[in-house]
Every structure is written in C-alpha cells, then in structure tokens.
Amino acid sequence: MSIIRKAVIPVAGLGTRFLPITKAQPKEMLPLVDKPVIQHVVEEAIRAGVDSIVLVTGRGKQAIENHFDVAYELEDTLQRRGKTEDLQTVRGVTALSQFAYVRQGEPLGLGHAVLCARHAVGNEPFALLLGDDVFAEEHPALESLVAAYERTGKSVVGVQEVPLEHVSRYGIVNAPKDATTVWDVTRIVEKPKPADAPSRFAVVGRYILSPRVFEHLAALEPGVGGEYQLTDALMELAEEGQLVACPIPAKRFDTGNKLDYLKANVEFALKREDLGADFLAYLREVVK
Ligand code: G1P
C-alpha cells in the first residue's frame, strides 16, 4: 500500500472563467464526455494508491457531494428495470473511495483551502490535486510524485515546462539544465513576470505535501487580494531544504480554460471504445 493514503482536492472556486455554465453548477461537474472532471481527478488519486479523499468545498457545490453519494431512487429504479450496467456505473462512483468534506467559508486563496483540510488530514503526508488540471489517462501523473516522495522523504511539486508567455499563470520553480529527473527546489515564485521567472518550469496542480506545510500555512500573512498563497508556504519548505520538483511527462489539459476543455473532450472521446471511431469519422467530415 502507498504511504500516501489521503488526497485533498479543493473545489470551492467560483469558476468565473466558465460563466454562464458555472452560474448554478460547479465547474468541477463539467463533463469530459460523460464523466465529470472531478471524477477523473479522483480516479487519478486512487490509481496512485490513495484510499480517502478530502474535498474542500463551499456554497453551491452540493452536486459534487451528491455525485459521490448513494443515489437511492435512481438505483432502485435501475434495479427494477434490470439496467444492470447503468446500476454498476452509478454504484461504481460511490465505491471509488471514502469521501470527507470540509467547507471553506470564504474564498481566501489556495493556501487557506489547504489549511481548511488540516484536521481531516492529520499528521501525515498527503496528495494535493487541483481540479482544473487533468492528465491523459494513460499517464500516471500523481504516481511519479508518490515515488519521488518515497525516495526523498521531501514534499514534491509536479512540474512541466511551459512557454515563456504563460509563466505568469503559474507557480514557477528554479530548474537545472538537465531537468528530466527530480531536483531540489530552492526558489518558487507565484505568477512571476516572464523577466522575473527563475525558469519555465510551472507547478501543474499535483503535489505531495508533508504535514509540516500546515505549520507554514497557519503562520502565513495574506498576500495579494487578502489571499493566502500556497506558494509562500512551499517557499518556506524550500528554504528548509524540504521541497523537490518532479517533472510530469504526461499530456495535460487545463479544463478551466475553454479551449483546453474542448481539446480534452475531443481527445477523451477519440480514445473511447464505444465512440472513438464514429467520432473520428465525424470530425474528418466537418474539418475539411
Ligand atoms: C494555482 C497555484 C499555482 C499553480 C496553479 C496550477 O494557481 O497557485 O502555483 O501553478 O494553480 O494550475 P491558480 O490556477 O489557482 O491561479
């Protein structure tokens, strides 16, 4: 069994990048074909050996809790109608893991969201997955971070090289010339200007964190916009020599971005056994 038993997934964000669909619906419930983005992220955590999921949620996000809960009326109806496959699909979602929910009452930033999960996590290392980032299923993104944690005993950030004009969207770490294996982080900067960025290696929403991070988070001063930045607490870990970066070679989609979301849907659909061939034929027909 993995030594990383718990995964924290913050889902309290308002999803303003995706209005109007997010007006009355959590952005995490947007589908990739027929499965909500949040389920893809939960399944990635489970593939990495996690056995319990802590969702940091907020007002208006009940659809997420309902999705992972028993749907009694639906299950009863499917059972009576003999719809065995559908019943398995519905029950399979609930059986994925154990789920716990904590509320982030105010939108005070990612650092604050992670701190809200402190009591649910306790004094053990945990995985943190940000719901907007989804990786192609054949690449075990989180698994390589777990392996890096087991080898180094240090907290791990998953990183990918991004174009220079995108560095101001991410937390950026220092990087060696040969950035192909795990390296020590000595600097991490949140959303730098391209000229100030220590490299083009961006943190891409996957972390393994030691419980020490909670002490740094609890001591944080609020940053820009009154928000508590996770990156500031990670910089404290880096200064203690307790943070490494692990490159993630997998294809990534930022599903909080409309174009990336559309691309993810196309690629996930093309890989589906039941849809892929017909969908490809259709695409060839329309893209002439
Ligand atoms: C957050 C983090 C940032 C990280 C990014 C990954 O930013 O603050 O360090 O690189 O997620 O997606 P956000 O996208 O919430 O602005």
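All of these numbers come straight from a predicted model, not from anything done at the bench.

Description of the overall build of the protein
Consideration 1: Along the protein, the regular secondary structure elements total eleven helices and 14 strands.
Consideration 2: For 288 residues, the compact-globule estimate of 2.2 N^0.38 gives 19 Å, and the C-alpha radius of gyration of the protein, at 19 Å, lies within 12% of that figure.
Consideration 3: With the principal axes as the frame, the protein shows a C-alpha extent of 60 × 50 × 40 Å.
Consideration 4: Per-residue burial for the protein yields a buried fraction of 47% across its 288 residues.
Consideration 5: Summarising the internal contacts of the protein: among those between residues at least 6 apart in sequence, 77% fall at separations of at least 24.
Consideration 6: Total accessible area on the protein stands at roughly 14700 Å², and carbon and sulfur atoms take up 52% of it.
Consideration 7: Put simply, the protein has 33 plus and 40 minus side-chain charges, and the middle of one group is 3 Å from the middle of the other.

A word on the environment of Phe214
Consideration 1: Inspection of the secondary structure assignment puts Phe214 in helix α8 (residues 212-218).
Consideration 2: The exposure class assigned to Phe214 is buried, which follows from its relative accessible area of 1%.
Consideration 3: Expressed as a C-alpha distance, the spacing of Phe214 and Arg17, which sit 197 residues apart in the sequence, is 29 Å.

Some details on the site of the ligand
Consideration 1: In the region of the ligand, the neighbouring residues are Leu110, Leu130, Asp133, Tyr170, Gly171, Glu190, Lys191, Val203, Gly205 and Thr231.
Consideration 2: Separating an oxygen atom of the ligand from a side-chain N or O atom of Glu190 is a distance of 2.7 Å.
Consideration 3: In the environment of the ligand, an oxygen atom lies 2.7 Å from a nitrogen or oxygen atom belonging to the side chain of Lys191.
Consideration 4: Per-class residue counts for the shell around the ligand are four nonpolar, three polar and three charged.

Structural notes on the pattern of salt bridges
Consideration 1: Evaluated as defined, the whole model comprises 19 salt bridges.
Consideration 2: Here Asp184 and Lys154 are joined by a salt bridge, their closest N and O atoms 3.2 Å apart. With Asp184 in strand β10 (residues 183-184) and Lys154 in the loop between α7 (141-152) and β8 (155-161), the pair connects residues that are 30 residues apart, well separated along the chain.
Consideration 3: Residue classification places Asp184 among the partly exposed residues on the basis of a relative accessible area of 43%.
Consideration 4: With a closest N to O distance of 2.8 Å, Lys251 and Glu267 form a salt bridge.

Concerning the environment of Ala269
Consideration 1: Within the fold, Ala269 resides in helix α10 (residues 258-270).
Consideration 2: Between the C-alpha atom of Ala269 and that of Ile172, which follows or precedes it by 97 residues, the distance is 32 Å.
Consideration 3: Setting aside residues up to four positions removed in sequence, Ala269 forms contacts with Val33, Leu275, Gly276 and Phe279.

Concerning the side chain of Asp254
Consideration 1: Examined against the element boundaries, Asp254 turns out to sit in strand β14 (residues 252-254).
Consideration 2: You can call Asp254 buried: its relative accessible area is 13%.
Consideration 3: For Asp254, the side chain forms a polar contact with the side chain of Arg17, separated by 3.4 Å.
Consideration 4: With residues near it in sequence (within four places) discarded, Asp254 still touches Arg17, Asp132, Asp133, Asp260 and Tyr261.

Considerations on the nonpolar core
Consideration 1: In terms of nonpolar packing, the biggest core is built from 41 residues, with Ile9, Leu142 and Ile208 touching the most fellow members.
Consideration 2: No other element matches the six residues that α7 contributes to this core.
Consideration 3: By size, the runner-up hydrophobic cluster in this structure holds 34 residues, among which are Val114, Leu130, Leu217 and Met235.

Quick look at the packing of aromatic side chains
Consideration 1: Across all of its chains, the model carries five aromatic pairs by this definition.
Consideration 2: With a centroid separation of 5.3 Å and 80° between ring planes, the pair formed by Phe18 and Tyr261 is classed as edge-to-face. Placement of the pair is Phe18 in the loop between β1 (6-10) and β2 (31-32) and Tyr261 in helix α10, with a sequence separation of 243 residues. Each member of the pair Phe18 and Tyr261 is classed as buried.
Consideration 3: The lysine or arginine in question, Lys258, covers the ring of Phe18, its NZ or CZ lying 6.0 Å from the ring centre.

Criteria and thresholds
- Residues numbered from 1 in each chain as written.
- Predicted model: local features only at pLDDT ≥ 70, side-chain atom pairs only at ≥ 80, totals over all residues.
- Heavy atoms only, no water.
- Helix = DSSP H or I, 4+ residues; strand = E, 2+ residues; numbered from the N terminus.
- Rg over C-alpha atoms; globule rule 2.2 N^0.38 Å.
- Buried < 20%, exposed > 50% of the residue type's maximum accessible area, 1.4 Å probe, protein only.
- Contact = heavy atoms within 4.5 Å.
- Areas by Shrake-Rupley, 256 points an atom, 1.4 Å probe, with all protein chains shown as cover.
- Lys, Arg positive; Asp, Glu negative; His and termini not counted.
- Charge placed at Lys NZ, Arg CZ, Asp CG, Glu CD.
- Near = heavy atom within 4 Å.
- Polar contact = N/O pair within 3.5 Å; in protein donor to acceptor, adjacent residues only side chain to side chain.
- Nonpolar A, V, L, I, M, F, W, Y, C, P; charged D, E, K, R; others polar.
- Salt bridge = Lys/Arg side-chain N within 4 Å of Asp/Glu carboxyl O.
- Core = buried A, V, L, I, M, F, W, Y, C linked by side-chain atoms within 4.5 Å.
- Phe/Tyr/Trp six-rings, centres within 6.5 Å; stacked < 30°, edge-to-face > 60°.
- Lys NZ or Arg CZ within 6 Å of the ring centre and 35° of its normal.

Taken by themselves, the reported measurements are silent on function.
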